[in-house]
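Descriptive analysis of the structure
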Amino acid sequence: MTKAAETAVIAALPILGEGRTDRLLAWLHRTLAARGLHVAGALRTLPPDGDAAHCDTVLRVLPNGPEMRITQDLGPGSAACRLDAGAIEAVAGLAGAELDRAGGDIVLLNKFGVSEAEGRGFRALIGAAVARGIPVMIGVSATHRAAFDAFCGGMAVEVPASERPALEWCLAAVGRADEAAAAPSRRS
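Below, the structure is looked at part by part. (Residues numbered from 1 in each chain as written. Predicted model: local features only at pLDDT ≥ 70, side-chain atom pairs only at ≥ 80, totals over all residues. Heavy atoms only, no water.)

Extensive coverage of strand β3 (residues 58-62) is indicated by the burial of four of its five residues. In terms of strand pairing, strand β2 (residues 39-45) meets β3 through five bridges, oriented antiparallel. From the neighbouring strand, L43 faces β3, where its bridge partner is R60. Strand direction decides the pairing type here: β3 and strand β4 (residues 67-69), joined by three bridges, are antiparallel. By the bridge assignment for β4, R60 is matched with E67. In this antiparallel pair of consecutive strands, β3 and β4, the connection spans four residues, and G65 shows a positive phi of 100°. (Buried < 20%, exposed > 50% of the residue type's maximum accessible area, 1.4 Å probe, protein only. Helix = DSSP H or I, 4+ residues; strand = E, 2+ residues; numbered from the N terminus. Pairing = 2+ DSSP bridges.)

Let's shift gears to the environment of A117. With respect to the helices, strands and loops of the structure, A117 is situated in helix α4 (residues 114-117). Of the residues examined, A117 reaches a relative accessible area of 30% and is grouped as partly exposed. For the pair A117 and F148, spaced 31 residues apart in sequence, the C-alpha to C-alpha distance is 6.8 Å. Dropping the residues within four chain positions of it, A117 is found in contact with F112, R123, H144 and A147. (Contact = heavy atoms within 4.5 Å.)

In structure tokens, the structure reads:
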């Protein structure tokens, strides 16, 4: 791991299609929690059939919920799903309140999306975590990368969207780099 990666407080995971980044973040949450770390934030809950392209997007506030749908049903004739800005703000508020209440060793967030690019969404939670010295890992698409970089002001590093490098960054960021060498990994 490079010195920049070791000192960055925010890690950007490139968003991979077909829900792969969502599954990676869920695996990180389970793995870090199993190591006794308190993981805060919000992650996408994939539908039971695993269809990541499904239009009904649900986010779960970490570590234990609640779950909230953040897309609106526009009716049977609609070909597109639409984000519900109010629901995103509600989830961000709940995740921020949980961070205030219980603290956290690390924050995981499903993505820096259109709400964050426009100045809303999880930006306040990211800022609060960084101000407290809590590292943040978040999915970032190519579409919103420039807005993410501008928001982070050089405090972020990109981490490959695969288990070993993502886990190594998380463990180093929380001061457990010695565990990274012994970290089991499975193929994504």
